[in-house]
Every structure is written in C-alpha cells, then in structure tokens.
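# Inside the fold
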Amino acid sequence: MRSIRPVAPVRTPRRKGSPGRGVTDVPTLLSPAGSPEAVRAALVAGADAVYVGLKGWSRGGARGELGWDELVEAHREIAAAGKELRVALNTIPKPAERARLFQQIPALLDRGIRDLIVNDIGILAALKRRFPELRLTASIGCGALTAADAAFFRDLGADAVVLPGTVSPAEMREIRRIRDISIEIMVHMVEEFVLLGKCWMPSYVNLKPSRLPAVLPPGAADEADLPDDAHPGIRQTGSMKRGGVGACYRICQEPWELFDGGRRLDTRFFPSRQISRISEVRAFADAGADVLKLQGRSLSPELLAPLVRSYREAIDARAVRTIPDVGSAELPAAWTVVGR
Amino acid sequence: MRGRNEGRGAVSSFELNTTIANLKDLRESDLTDYDGVYLGDIYCRLYEANFLEQLDDLREGLRILRDQGKRAYVTTYAAPRNDFLPKVQRMLEAAATSGAEAVEIHNLGVLKMAHDAVPELPVHIGGFANVYTAAGAEVLRGYGAVRFTPNYELSLEEIREIAAVCDAPMELLVHGKMPLGVSDYCFLLEYEEKWGTKCPDLCQKELFLKQGDWAMKSVGKGILSGKDVCMLEHLPRLLSEGHRHFRIEALSEGPAYRREVGAVYRAALRRAAGGEGDVDEGWWETLRRHARIGLCNGFYFGKSGMDYSGIRPEAMGSLPTISRLES
C-alpha cells in the first residue's frame, strides 16, 4: 500500500449525486463501513457519504453489518458531520421475511434514514410503491452495465444505480445520457471472473441455508429473548445473491485443473484483479459520474482510512483543476482474497 | 406442437425446447422431439456464427423452424455492454419482422429496449435476469413478460410461490448443463498461442474445470455445471405442480446429444403426462452416455446445485456433494 500524505485542507465544493444539493461537477465520495469505528474513520478521511449494512438484511459473510443501535448512532455521527448515510438492505428475502423487513422501514424513516441500497427489482418496486419518500439505489448486484440498464432502473423508480468499475469513462459518458437517475460507479473493487449478480458457482458446489441474525429494534434486550417468528429468515450461505459475498466460499480463488476431455491442460485460477481507478477520477467526473463508490465493508478502519483519503485527494485535486498526484490506491494483496 | 396434442391422461400438453447457437448446428440437428428452439448464444458475440450477430442467418433459422412446425424463439445476450446495444436493437427488430414467436431476455436493459421497440413481441424471461421473487416477476410482467425461467438457484417450492402469484408459466431446465455464471472476459484467449487454436474455435473444445469431485464446464465467457441437470425421474412431479414448459440445455452439445436426450424426454414426458411415472432403463443409459461428469438436480430440491436426489444417483456415478468446505 502506498504511503499516505497528510490531507490538504478540505475544500467544500458542492457535490452532485446528493439530494438537496446543487448539481455541480464534483462527484460524491461514497465510502463503505462495516463497523462504528470504520464509520468514524471514513468521515475523518473525507468521505461525503457512508454506506453500511443493517444486520440481518445486508449480504453478510466477511462484510461487516451494524446492529440497530449501531446504525442509529452511526446516523447521528454522520448527520452531525453534515454527511450522508446509506443503508444496504441487499438480501433477497422471501415474502414472509419481506414483510418483516418492511416493518423496519418506518423506524428508519422516523430517524431520517431514507437512502437504501437494494438488490432485487421486486423489492425495489415494492419499497418505492409503499414508501415513496425513500431514496433507493439499485445495488451493483443488480448487474447494470449499460445505458439501457440505467434507463430500466430509472423507470422502475430507482434514484440511483451502481455500475462496476469495469465500465470505462467513455461508457460512463454514454450511460450519463440517461437523465433523472444518479449514476454511481464502484471505482475501487475486486473484479472477479464472473460478473457481479451473475454468479451461482459457489452454491453449485455448496449451498448451506442458515438462520439470519435477528434485527433487534430499539430497546430490545438480545436475540435470545425474541420469539422464533421474530427471526427474519434464512440466509442461503453459498449464494452470492442471497447469502453474501464473503460467505461464498470463494471457490473462484482456488486453483482449478483445466481438462480437454480426459487430458489435463493446465492448473489455473479464475482471472481476478483489484480495480483501482483513482487515476481516472477526473475522467469519470468529466464523463458525468455522480458518485464514486468504494467497495469494502469488511475493511478495518486502518485499511479504510488511507483508501478513502486517497480518493478524497484525487477528487479535490480534480475539483480545483490541479494536476493530481494520486499514484494508485492499493490494498494488501490478501485483502482481495479475504473480503470485498 | 406435438406435445399439445399428446397424452390422454391427466395432463394434455407440454412444450419441450432447446437452444441452438448457429445455422450450422441448426441444420445438423434433428429436432423431431422438440416443440421449440431458442436461437442464439447468450455468452459471446464472437461465438462461431452466432445467430445474434448474423442476422441473415437468424432470419433463415427462423424460417427453418417455422417450416418444421416448431416454435421459433430468439434469445439475447446475458450481459451486454453498451457497445452491443445497437446490434441488439437490430436483432430485436429482425426477430420481430422474421416470425419469431417470442424473445428470451436475460438483461433488464434489453428488456426495456424490447418493450420500447418491439412491444408486439412476447418476452420470455431468461435465467440470468435474476427472477428470485414473485414481486420481481410481477415487475417484469409489466414489460411484456409472458413466461419465466426463474434464477437457477431457486427450489421447486420457491418457483411454485412465484408461479402462484405472477400468473405466467415457468420454463424449467429439465436436462443439460446449467448456466452458473457469465463473464466479460474469455480466459480461453490466453491459450490461443499455446494450443494453436484461435477464437472462435477455442470454445468448441470440451473444456472442464475440475477440483476434486467438483467440475464445471467452460464455454469461454460462460461457466456451466459440469454435471448434467437431470429431472427425468421427477417429471411426474413437475407436471403435477402445473409446469408445462421444459428446456433441454444443449447449447454446448452436439447434434447427437440434442437428438437422443430430446427423444428420452419426449417419451418420458408423454408417459408422465399419461399418468405413468416409470422410467425405462434404456433412457438412463442414454443419459449416462452423454453425461461426461454425472447427473445432478440443480437447485430444485433446495440443496447444492451439484447434488442429486432420487433413486438413481449411485447408478449414474453422481455421488451427492461431499462438502469439503464444511469440514
């Protein structure tokens, strides 16, 4: 990982991709956080917005999730800093589980939390219909890659859609022609061989249903005190869409033998790489990206802070039209294997 | 459609379909036992003479199917990029004007394009469209979807819940290699020089990725199950649960596979539709001969996709998954 220079005084250009703010050409920097400590680290490092998973309703595994009380406290801290909180509710619950999920929404809205990230078109449409005040993002797991995809999600009622960092600035420029939806791009992520949202290799070799952790409403004692029907449902561990990255056994990270008929040709890994498009921050901003998103709810505060700070510097350098000296934003190689 | 007039028992009709990628394969295939065919390779624009790129071939393929009295469907790319879209648009228009009865769509952007450009063309939703919930299926109904292949990860119980709500038929993979993933990148290109084989011939090889008792098939940008999904002995259940549309996934297979496996399922469906559930020993032998790695049930019974539930796994050499990951 490259050394991190001290942060320059933070300029405060207006951002886009942020409701209620003027639209300018400065993209929002959206940081992950998997713990209360990571939330604080992201804020100090210069994130404009932070996304977290709500325990039991976000794809789990190596990713961190916040319990209800932690979420409320994170929201308080983020709002006090003048920043934004987004909550990932990106499992795909069954009907009965969905009803319980929807019961949580008024409590979120009561606390001023209205930015949610979802992973299923049915859930997205139902949430928008029932809670029109929500601001909904179609998760990267929805698989959007094109202008046509962005138009679909806009028509469905999404306020934002997340594209993978494999999308180029030139493609972004084409996609940005779709108006009335915020375009986010995951500029820092692990690209695996199979596209996000289009992989069920892990569950092919091992699918293991397990009970989701309960979401404790404010004031509840602990999970053991809840009746059985209060538990939100089953996490399909091994399923990328329903169980979660990090709980997918990472079979693509293991060596495979390649055979042609009965003849072994090679032993190889599936292609995989860490994408860091920090040197193209200016190109993405010029192409119209509203939000630059970083992957990594499983990151420790110690790893997260320099990553966020690097992108903060790149965005700010771009905003004042200086020549950025951003180098590359890197993480230890092991991180790309153990979590995203 | 043969299936519609067959079976005088409890079930009076069914539809058995398959997939063919190019005109050469279509011309070489005996489609006697199929009711319909989806034309096109969903994984790669460079697949040899892909119907989705060769629009004159697509028109000819649709004509051939119509002349044979088959239902002529066209499929579409699972994960198109922005630069695909103009060609996708032309392909949709060609399908609509050349007699396609429906277009199978795996991508939501393409769904919107079809809805806007060719609203008269019925839409079948493919497995990569990620229909996991009835709510999702209902959304897609609003875009002209009249049939669904739910995500392959769903169990029969979950599929039943969707079917009960969305009031549209499900099309189920009953045999063949189940799609497991799609990529932007073809790693087989790394071997062009080493193997002395160029694209698009690379993915015509029979390539399997193996790790212990796990196996998957590579078709370049696509990953398929190594084992063949086999629902032969479960056809009576599928019919009793109201399913009538079935698919033999033979995109990466040869004409013999398509013909012989199709014949087994035509006969088995006819028998099951007549209220009988017996499975001929010869049918098993045919399926075993064509299954390089073995048989599985996919996710239909809520288990790992490579598991097999039923009376025949040992006979087929398809041992249930040994979960090394859990040890």
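### Here's the deal with the overall build of chain B
Broken down by element type, chain B carries ten helices and twelve strands. On C-alpha atoms alone, chain B measures out to a radius of gyration of 19 Å, which is about the 20 Å that the 2.2 N^0.38 rule sets for 327 residues. Over its C-alpha atoms, taken along the principal directions, chain B stretches across nearly 50 × 50 × 40 Å. Burial analysis of chain B (327 residues in total) assigns 56% to the buried set. A separation threshold of at least 6 residues defines the contact pool for chain B, and within that pool the share at least 24 residues apart is 64%.

### Considering the overall build of chain A
Helix and strand counts for chain A stand at ten helices and 14 strands. Out of the 340 residues belonging to chain A, those deemed buried represent 56%. Taking as baseline every contact in chain A between residues at least 6 positions apart, the subset at least 24 positions apart corresponds to 66%.

### Topic: the nonpolar core
If you look at the biggest cluster of nonpolar residues, it comprises 209 residues, and the most contacted ones within it are A42, V50, V87, V161 and L292 of chain A. Here this core takes eight residues from helix α9 (residues 255-273) of chain B, the largest share from any one element. Beyond its immediate sequence surroundings of up to four residues, A42 of chain A is in contact with S31, A33, A47, V50, L304 and V308 of chain A.

### Observations concerning the pairing of strand β6 (residues 145-148) of chain B
Residue and element names in this part refer to chain B. Taken together, the three bridges between strand β5 (residues 123-125) and β6 define a ladder with parallel strand orientation. Of the residues in β6, the one forming a bridge with V123 is A145. The parallel pair β5 and β6, bridged by helix α5 (residues 134-141), forms a crossover whose chirality is right-handed.

### A closer look at the interface of chain A and chain B
Counting residues at the interface gives 44 residues for chain A and 49 residues for chain B. Listing elements by their share of the side of chain A that touches chain B, those giving two or more residues are α4 (121-130), α5 (147-156), α6 (169-175), β8 (194-199), α7 (201-205) and β11 (256-260) of chain A. A breakdown of the residues in the side of chain A that touches chain B according to their chemical character gives 26 nonpolar, eight polar and ten charged. Sheet topology places β11 of chain A next to strand β8 (residues 207-211) of chain B; four bridges connect them, and they run antiparallel. Across the sheet, residue E257 of chain A finds its bridge partner in β8 of chain B, namely K210 of chain B.

### Digging into the packing of α9 of chain B against helix α10 (residues 281-290) of chain B
Residues and elements named next belong to chain B. The contact between α9 and α10 brings their axes to 10 Å, and the two run at 150 degrees. The pairing of α9 with α10 is recorded here as roughly antiparallel in orientation. Relative to α10, the crossing made by α9 is left-handed. Each of Y257, E260, V261, V264 and A268 in α9 lies in contact with α10, whose residues at this interface are W283, T286, L287 and H290. Per-class residue counts for the contact of α9 with α10 are six nonpolar, two polar and one charged.

### Some points on the packing of α5 of chain A against helix α4 (residues 108-117) of chain B
With their axes 7 Å apart at the nearest point, α5 of chain A and α4 of chain B run at an angle of 80 degrees to one another. Classified by the angle their axes make, α5 of chain A and α4 of chain B are roughly perpendicular. Here α5 of chain A contributes A148, D149, A151, F152 and D155 of chain A to the contact with α4 of chain B, which in turn contributes L108, G109, V110, L111, K112 and M113 of chain B. Residue classes in the contact of α5 of chain A with α4 of chain B are distributed as seven nonpolar, one polar and three charged.

### Overview of the environment of I92 of chain A
Residues and elements named next belong to chain A. Among the secondary structure elements, I92 is positioned in the loop between β3 (84-88) and α3 (95-110). You can call I92 buried: it has 25 C-beta atoms within 10 Å. Linking I92 and I123, residues 31 residues apart in sequence, is a C-alpha distance of 7.7 Å.

### Section: helix α1 (residues 36-45) of chain A
When we look at burial in α1 of chain A, the residues that qualify are A38, V39, A41, A42, L43 and A45 of chain A. Immediately beyond the C-terminal end of α1 of chain A, within one or two residues, lies G46 of chain A, with a positive phi of roughly 115 degrees.

### Observations regarding α5 of chain A
All names here are of chain A. Summarising burial for α5: nine of the ten residues are buried, a large majority. Within α5, the full set of buried residues consists of A147, A148, D149, A150, A151, F152, F153, R154 and L156. Backbone geometry just downstream of α5 places G157 in the positive-phi region, at approximately 115 degrees.

### What about unusual backbone geometry?
Residue and element names in this part refer to chain B. Here the bond from C199 into P200 is cis, since omega is 15 degrees, no more than 30 degrees from zero. You can see P200 is positioned in the loop between α7 (192-195) and β8. Phi at A49 is positive, roughly 55 degrees, even though this residue is not glycine. For A49, the position within the fold is in the loop between β2 (36-39) and α2 (55-67). When the 14 C-beta atoms within 10 Å are taken as the criterion, A49 is described as partly exposed.

Analysis parameters
- Residues numbered from 1 in each chain as written.
- Chains lettered and ligands numbered in written order.
- Predicted model: local features only at pLDDT ≥ 70, side-chain atom pairs only at ≥ 80, totals over all residues.
- Helix = DSSP H or I, 4+ residues; strand = E, 2+ residues; numbered from the N terminus.
- Rg over C-alpha atoms; globule rule 2.2 N^0.38 Å.
- Buried ≥ 20, exposed ≤ 12 C-beta atoms within 10 Å, placed from the backbone.
- Contact = placed C-beta atoms within 7 Å.
- Core = buried A, V, L, I, M, F, W, Y, C linked by C-beta atoms within 7 Å.
- Pairing = 2+ DSSP bridges.
- Right-handed = clockwise from strand over helix to strand, strands pointing away.
- Nonpolar A, V, L, I, M, F, W, Y, C, P; charged D, E, K, R; others polar.
- Axes fitted to C-alpha atoms, helices over the stretch in contact; angles between N-to-C directions.
- Parallel < 35°, antiparallel > 145°, perpendicular 65-115°, else oblique.
- Left-handed = near helix turned anticlockwise from the far one by under 90°.

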